[in-house]
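Reading the structure
Take a look at the letters that make up each chain.
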Amino acid sequence: MESEKSKILIIGVTGRLGFELAKASLNSLHPTFGLVRDSAFSDPHKSQKLHFLSGAGVTLIKGSLQDEDILVEALKQVDVVICAVSSKQVLEQKLLVSAIKRAGCIKRFLPSEFGSDPDRTRISDLDHNFYSRKSEIRRLIEAEGIPYTYVCCNFFTSFFLLSLVQPGRKNPPRDEVSIFGDGTAKGQMIDPSQFCLKQEYNISYNVSNIYMRPPGNVYSMNELVDIWEGKIGKTLKRNYITEDELLKKIREMPYPENMELVFIYSAFVKGDQTYFSIDSSGGLEGTQLYPQITYTTISEFLDTLL
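Reading guide: rules and limits
Residues numbered from 1 in each chain as written. Predicted model: local features only at pLDDT ≥ 70, side-chain atom pairs only at ≥ 80, totals over all residues. Heavy atoms only, no water. Axes fitted to C-alpha atoms, helices over the stretch in contact; angles between N-to-C directions. Helix = DSSP H or I, 4+ residues; strand = E, 2+ residues; numbered from the N terminus. Parallel < 35°, antiparallel > 145°, perpendicular 65-115°, else oblique. Left-handed = near helix turned anticlockwise from the far one by under 90°. Contact = heavy atoms within 4.5 Å. Buried < 20%, exposed > 50% of the residue type's maximum accessible area, 1.4 Å probe, protein only. Phe/Tyr/Trp six-rings, centres within 6.5 Å; stacked < 30°, edge-to-face > 60°. Lys NZ or Arg CZ within 6 Å of the ring centre and 35° of its normal. Expected span 1.5 Å × (residues − 1).

1. Here we look at the packing of helix α1 (residues 16–27) against helix α2 (residues 44–56)
Running from amino to carboxyl end, α1 crosses α2 at an angle of 10 degrees, the nearest separation of the two axes being 11 Å. Accordingly, the angle class assigned to the pair α1 and α2 is roughly parallel. For the crossing formed where α1 meets α2, the hand is left-handed. Residues Arg16, Phe19, Ala22, Lys23 and Leu26 of α1 pack against Lys49, Phe52, Leu53 and Ala56 of α2.

Right, dumping it as structure tokens:
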């Protein structure tokens, strides 16, 4: 007999990722709940999303990460919690962890991550605690003995691939291109809407670490430029920015404007997304969980930019 569908609470349903997660949860026939702040209902953009979700079947619960009692009551209605708040709100999950412990009924918690593995990045002196805050929440979850899954999908394609990893651009170059470091460190990008749809399947597996590394979505900057040159039928002038030059730019640029360069440095110079073996980390690569899924590859995404 097929097991009963898990009841899922999504926190951050008015955000880009949370909204897609809520739709994916409904499409997977999970009873779906969304925790929503009062202020969201008076925001025209957010209220439009909430109207859609409510009409589609999401049960909206008024509350916030600042009210532990409301959190506990919401948690008692579900089995799984997925938090999709922004990076600025990561530490606000502390009260949520406490509420999950109090509720005692949550079978799986997916904290707000969905980027590079914060325990594997090697840029702690540059990122203004962007990753250390996520690691802090991890350690709290583990200390409380809460069942969890950390999801590391690295970059969304729309974040860097629209410009071919060119800071300040909104479209890929057709004459010359900047390449950071020696251009050989590999980064990874995946389409966010596809990722959100697949994410719902993870709750059925007792897996603590999920890494998204589809083979057609992992490339170095040199390889990305090779692919793009092949599509436009033209050789670009390649301007190599050394590691020292990039670090100088990062340190001279004010925060948070320099974070785009920090992410580039982490992925495409240090290789933080791919330098380690997934097997050695005790995790699984996401496509192993759902091999039936066909991903939009980086090459296919670049076709849409021609």
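Picking up after the structure, the text goes on.
2. Re the environment of Asp226
Take Asp226: it is sitting in helix α8 (residues 221–232). The exposure class assigned to Asp226 is partly exposed, which follows from its relative accessible area of 43%. C-alpha separation for the pair Asp226 and Leu236, spaced 10 residues apart in sequence, amounts to 9.1 Å.

3. As for the packing of aromatic side chains
In the structure shown here, the tally under the stated rule is 12 aromatic pairs. Ring centres of Phe130 and Tyr131 lie 4.9 Å apart, and the angle between their planes is 85 degrees; this geometry places the pair in the edge-to-face category. Classification of Phe130 by relative accessible area gives buried; the value is 15%. Seen from the ring of Phe41, Lys62 lies directly overhead, with NZ or CZ sitting 5.1 Å from the centre.

4. Topic: helix α5 (residues 130–143)
Of all the positions in α5, only Phe130, Tyr131, Arg133, Lys134, Ser135, Ile137, Arg138 and Ile141 are classed as buried. Here the buried face of α5 lies against α4 (93–103), β5 (108–110), β6 (150–152), β10 (209–211) and α10 (259–268). At the C-terminal side of α5, Gly145 shows a positive phi close to 70 degrees.

5. So, α8
Taking 1.5 Å per residue, 12 residues should reach 16 Å; α8 reaches 17 Å between its end C-alpha atoms and fits that length. All of the buried residues in α8 are Met221, Asn222, Leu224, Val225, Ile227, Trp228, Glu229 and Ile232. In the core, the buried residues of α8 are packed alongside β8 (176–180), β9 (186–190), β11 (218–220), β12 (237–241), α10 and α12 (298–303). Where α8 terminates, the next one or two residues include Gly233, which has phi positive at roughly 65 degrees.

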